[in-house]
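Coordinates in review
Each chain, written out:
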Amino acid sequence: MSVTFTRAAARTSHGDVTQQPSETVKLTIDGTELEAPKGTLLVEAARLIGLEIPVFCYESRLKPVGACRMCLVQIEKLPRLQTACTTPVAADMIVHTTTPDVVQAQNGVLELLLANHPLDCPICDKGGECPLQDNTFKHGPGVSRFTEEKRHKEKAFPLGPEIVLDRERCIMCYRCVRFHQEIPGDEALAAVQRGADSEIATLDGEPYTSIFAGNTIELCPVGALTSKRYRFKARPWDLVRTASVCNGCAVGCNVEVHSRSEKVLRLTSRRNVEIDDGWLCDRGRFETLPTPPEERALRPMVRNADGQLQPATWAEALTRAADILGSSGGVLASAGLSNEAFWVLERISQRLPGALWPPAGETWPVEGRIANLQRCKSIVLVGLDAWEELPVLALWIRRAVLSGAKLTVLGDKNGLWRSTATWLKGDPLTHLDEIEPAEGPAALLAHPSLIGTARARLEALAARVGATAETGMLGAPLLGANGRGAQEIASSITRGDVDQVLTAKGILAVGDEPWTNLRAGSFARVVLVTSGPFADVPQADVVLPMAHPYERQASICNLEGRVQHQEGGASPPPLARADWGIAAELAARLSIGTAGADSLEQIRRRIADEHPTLAEILHEEEVLVRA
Amino acid sequence: MTVATDVDYERVLLPHPGRGEPVGLEEYRAASGYAGWQKALTSMTPDQVIDVVKASGLRGRGGAGFPTGTKWSFIPKAPGAKYVAVNADESEPGTFKDRELMEVEPHRVLEGVALCCYAIGSETAFIYVRGEYVRAADRLEAAIAEAEAAGILGRGCCGTSVNVTIIVFRGAGAYICGEETALLESLEGKRPMPRSRPPFPAVEGLYRRPTVINNVETLANVPSIIDRGSDWYNTIGVPPRNTGPKIFCLSGRVNRPGNYELPLGSVTIRQLIDDYGQGVIGGRAVKGVLTAGVSAPILTADKLDTRLDYDSVQAAGSMLGSASLIVLDEDTCIVRAAALMEEFFRHESCGKCTPCREGTSWLFTVLTRIEAGRGVPGDLELLLSLSGEISGKVLCALGDFATSPVVATVKQYREEYERHIHEGRCPYEPW
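Remember, it's a predicted structure, so these values are computed and weren't measured experimentally.

**Concerning the overall build of chain B**
Looking only at helices and strands, chain B has 18 helices and 11 strands in total. Rg of the C-alpha trace for chain B: 22 Å, near the compact-globule value of 22 Å for 431 residues, within the 12% margin. Projected onto the principal axes, the alpha-carbon positions of chain B cover approximately 75 × 50 × 35 Å. Counting the 431 residues in chain B, one finds 60% classified as buried. For chain B, contacts bridging at least 24 residues in sequence account for 71% of all contacts bridging at least 6. Summed over its atoms, the accessible surface of chain B is roughly 15700 Å², and 52% of this surface lies on carbon and sulfur atoms. Between the averaged position of the 45 positive side-chain charges in chain B and that of its 54 negative side-chain charges there is a distance of 4 Å.

**Some remarks on the pairing of strand 28 (residues 553–557) of chain A**
All names here are of chain A. With 4 of its 5 residues buried, strand 28 lies for the most part within the structure. Bridge count for strand 28 against strand 29 (residues 563–567) is 5 bridges, and the pairing is antiparallel. Paired with isoleucine 556 across the bridge in strand 29 is glutamine 564.

**So, the sheet that holds strand 20 (residues 378–382) of chain A**
All names here are of chain A. One open sheet holds the 6 strands; their spatial order is 19-24-23-20-21-22, and the pairing between them is mixed. Two strands lie at the open edges of the sheet, namely strand 19 (364–367) and strand 22 (422–424), each paired on one side alone. Across the sheet, the mean angle separating the axes of adjacent strands is 10 degrees when strand polarity is ignored. Here strand 21 (residues 406–410) pairs with strand 22 via 3 bridges, running parallel. What sits directly across from threonine 408, in strand 22, is threonine 422. Contacting strand 20, strand 21 and strand 23 (442–446), helix 10 (residues 391–402) crosses the sheet at an angle of about 145 degrees to strand 20.

**Some points on the interface of chain B and chain A**
Reports of interface size often rely on the accessible area that becomes lost once the parts have come together. In this complex, chain B contributes 32 residues to the contact, which on the side of chain A involves 32 residues. Where chain B abuts chain A, roughly 2800 Å² becomes buried across the two surfaces, and 48% of that area is made up of carbon and sulfur atoms. Applying the counting criterion to the chain B and chain A interface returns 5 salt bridges. With a shortest N-O distance of 3.0 Å, arginine 80 of chain A and aspartate 400 of chain B are connected by a salt bridge. Sorting the residues of the side of chain B that touches chain A by element identifies helix 13 (334–348), helix 14 (354–371) and helix 15 (379–390) of chain B as the ones contributing at least two each. Of all the elements, helix 14 of chain B adds the most residues to the side of chain B that touches chain A, at 10 residues.

**What to know about the packing of helix 6 (residues 106–120) of chain B against helix 9 (residues 216–228) of chain B**
Residue and element names in this part refer to chain B. At a minimum axis separation of 7 Å, helix 6 and helix 9 run at an interaxial angle of 80 degrees. On the basis of their axis angle, the class for helix 6 and helix 9 is roughly perpendicular. Residue-level inspection shows Arg108, Val109, Glu111, Gly112, Val113, Leu115 and Cys116 of helix 6 in contact with helix 9, the latter providing Val216, Leu219, Ala220, Val222, Pro223 and Ile226. Counted by class, the contact of helix 6 with helix 9 contains 10 nonpolar, 1 polar and 2 charged residues.

**Focus: the side chain of threonine 211 of chain B**
All names here are of chain B. Examined against the element boundaries, threonine 211 turns out to sit in strand 4 (residues 211–215). With a relative accessible area of 2%, threonine 211 lands in the buried category. Within the structure, threonine 211 has its side chain in polar contact with the backbone nitrogen of leucine 206 (distance 2.8 Å). A polar atom in the side chain of threonine 211 sits 2.8 Å from the backbone oxygen of arginine 209.

**What about unusual backbone geometry?**
Along the chain, tryptophan 357 of chain A connects to proline 358 of chain A via a cis peptide bond; the corresponding omega equals -5 degrees. Mapped onto the elements, proline 358 of chain A comes out in the loop between strand 18 (354–356) and strand 19. Residue proline 240 of chain B follows proline 239 of chain B across a cis peptide bond; omega there is 5 degrees. Assignment of secondary structure puts proline 240 of chain B in the loop between strand 5 (237–238) and strand 6 (242–243). For aspartate 92 of chain A, which is not glycine, the phi dihedral falls at a positive 65 degrees. Note on placement: aspartate 92 of chain A falls in the loop between strand 5 (82–83) and strand 6 (93–96). Positive phi values are uncommon outside glycine, yet alanine 595 of chain A reaches one of about 50 degrees.

Definitions and limits used
- Residues numbered from 1 in each chain as written.
- Chains lettered and ligands numbered in written order.
- Predicted model: local features only at pLDDT ≥ 70, side-chain atom pairs only at ≥ 80, totals over all residues.
- Heavy atoms only, no water.
- Helix = DSSP H or I, 4+ residues; strand = E, 2+ residues; numbered from the N terminus.
- Rg over C-alpha atoms; globule rule 2.2 N^0.38 Å.
- Buried < 20%, exposed > 50% of the residue type's maximum accessible area, 1.4 Å probe, protein only.
- Contact = heavy atoms within 4.5 Å.
- Areas by Shrake-Rupley, 256 points an atom, 1.4 Å probe, with all protein chains shown as cover.
- Lys, Arg positive; Asp, Glu negative; His and termini not counted.
- Charge placed at Lys NZ, Arg CZ, Asp CG, Glu CD.
- Pairing = 2+ DSSP bridges.
- Axes fitted to C-alpha atoms, helices over the stretch in contact; angles between N-to-C directions.
- Buried area = accessible area lost by both parts, 1.4 Å probe.
- Salt bridge = Lys/Arg side-chain N within 4 Å of Asp/Glu carboxyl O.
- Parallel < 35°, antiparallel > 145°, perpendicular 65-115°, else oblique.
- Nonpolar A, V, L, I, M, F, W, Y, C, P; charged D, E, K, R; others polar.
- Polar contact = N/O pair within 3.5 Å; in protein donor to acceptor, adjacent residues only side chain to side chain.

Pasting the structure below:
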């Protein structure tokens, strides 16, 4: 049987996945002939024919090291077994993965790993999703011959605020160390000591606070690096997994929401090679999860004459809300609301002035795709600290720099300082004329707060450096999860004047934002629609319980303008409703027409009609190329 | 003192045995020092230098015995930076030849390095000296300064347009840095763990540039090869595959341990021990001889008449390696010796690959248990089986060599192991 593969599935470990070499190589694995692109590592070539060679240290997005020796295979004409993870395909190569020698090697590696590995499975979070367990079942010896005292090391070591390290479980695959060296480049972890005393540690005992720390939880093939928040909360087979999109920022990393008994317990990545390549930042991974039930509104509430918030029915609460908003009202919308909610709110803001809150600046919609960044030769960031604001986007910028791009950063804050060629501090706008034009594809991204005064100058600068949509990226992204959706669908709101809204007597505050910081006029009454804390919002006279983004079926747009679907993840509290549903109810109470659209499908159809670039909203989320 | 074996040989590498003070520039030059360098620079092309070294049959003296000229010829001719890294990490137990070369004959070493640079088109060489060899590193640096002041090294060597800069780099105490790719990692400031090969250093070495890595003693041979020719070199030793002199490091239970420079194949193990080492202390019987530090299988006493050259030692079932001979006598507990050797490997394993990291630990634990009298039946099969799980499966030679002490002693001294197990104690006096 002969199989030919030339599409993106057969990628080499960490190169540009959207451009493939055209040359292919013929080889044979376990008697099956196949053709694979030149440069494909044997581990990946085997996957093309559905063969999983066991690995530990190999990770397709990191450079291979050949450390764990789990993937040893026999290649004809070579005297010793070779690691499949470091060996690229060669013409007429003949590979065997199941010979007695290979089986003995696999047994041996596992026996040696398990010799000192603690028998922690019953109390280890990784159990059930553990490559060491899985490989042992498939390729390990049935019994242990180790009768000595196992090596003891520190257990449950608090490496950092989010990560717990169990040094006894660590099998020294170095994935975590290599991740920090190669991907963010912040070298947050290191291997210290030597030989059997080797350990993973931070340098100088500093706490492990990298914004990308959570990725090592997923990378670690055993239960050595685990999540503190998730510790002991569930077993993988108890979890319900739903495809969704992180609601943390405008990058829109794809995630899986894992919940148990309708409680969202954790996020994992859902690799999208065009947006996140399987990485998440800690803000998205840990801080976007729903507010605990004891701190959020589970039912509608209305403030009584004594100033106390009391439970009410939806009908009562909506009536009261309409009263408040009816005479002199305004809308403050979080940039984390869904496209569908924005569509309804745009209708509402024809009558009630609306604005984004917190204020997000003016917009210069981004053109170009995130995946273009890796091919750029020059990248300019104006007043935008990508590492802080759009962390996973910063990883793409760093990837470009590793391929030879020059990064110029204007402004005082720059988390990408390790990768920056030119860093001009101070007011970014004073340095615009110092930027040289450069050859090749380019990207220019600016902070939205600069657009009000300097859009024309920034557009001219983009032209001068050669930033185009086709080959690069340009614009000033609104930083919230659905700032782009707001821009496209609710332009009255994105262009709205916050100060004007704050003078209204009735304010509709929608979304999960720190509303306790809201400073409205002293006579203003607030209708608060949120899934977050509500008790400390002083002027909230009505509280309407909203479904959290990981509890709603809705869609958002990332900074590219790409529509992505959030498919829920857990059920919201029984009396809570999705943001667009509450908005539709309010519109009805205020006699604001929604052109007959009051179901999710109808709203989506209207959006697709009115905004053709968002036609994807009608389709189920396509899962893009998987590893 | 009479030397029973009459080896007619005029020393080339260490002409002043027993000397402590270094040979300075003037003294070196007075004895034809840097004559080879001069000759190469003025009348030979780099390729001609490689050809002469090839014709000499010189093999690497660090342990692997790889033909030196062939190694140099692997360096691509394409333009761009190339490097020479000198492996002065000398950490194999029982090895102290490079130390004497660097401390007493630093200029000879430098001349060899310079010739290698010239041959492969490199302008920069790093001598990676183990951190403990403070005196050797200091003396090399002083010699470099001397040579540069005299215009022999540095920019425009000997008035030509050839530039050679030699830099001394001090290690920080790890045997694994003697593995060539781990050495390169250490030079680059990284954790010294071996790299996966291919690519090999000749293609992608230091900073991913083509690099030659040679042992100190290997390079110390080169000046006289260039000065006096490969034909002359072939009169020493046993051509074609065992040519030239070798510094034999003799230690263990002998009366006079030390460095002995002799032609390859000119003496047997017995002759080295009796005629140069003045015999075993107290006239005791030899129990076994290690020939390559702790990295090669021990040879039993019936192999004492093996000639000391690469091929003969291999035929006897071991390896000449760096020629570090350690003599064990009849009072030595072989189990304890094996445990100590395994402890060395356990301690020095870098930890990168599973079989070496976990295997050396486990082997050491079992050996210690047997030595202490707590061995159980089945332990010997376990030792051999674990060695099979390590050998051939590891990332670098340390793992392979780590099985030598175990396998060679279990196979050749099995009764001694079994005595420990059955008697529940070590039958020997503690050392």
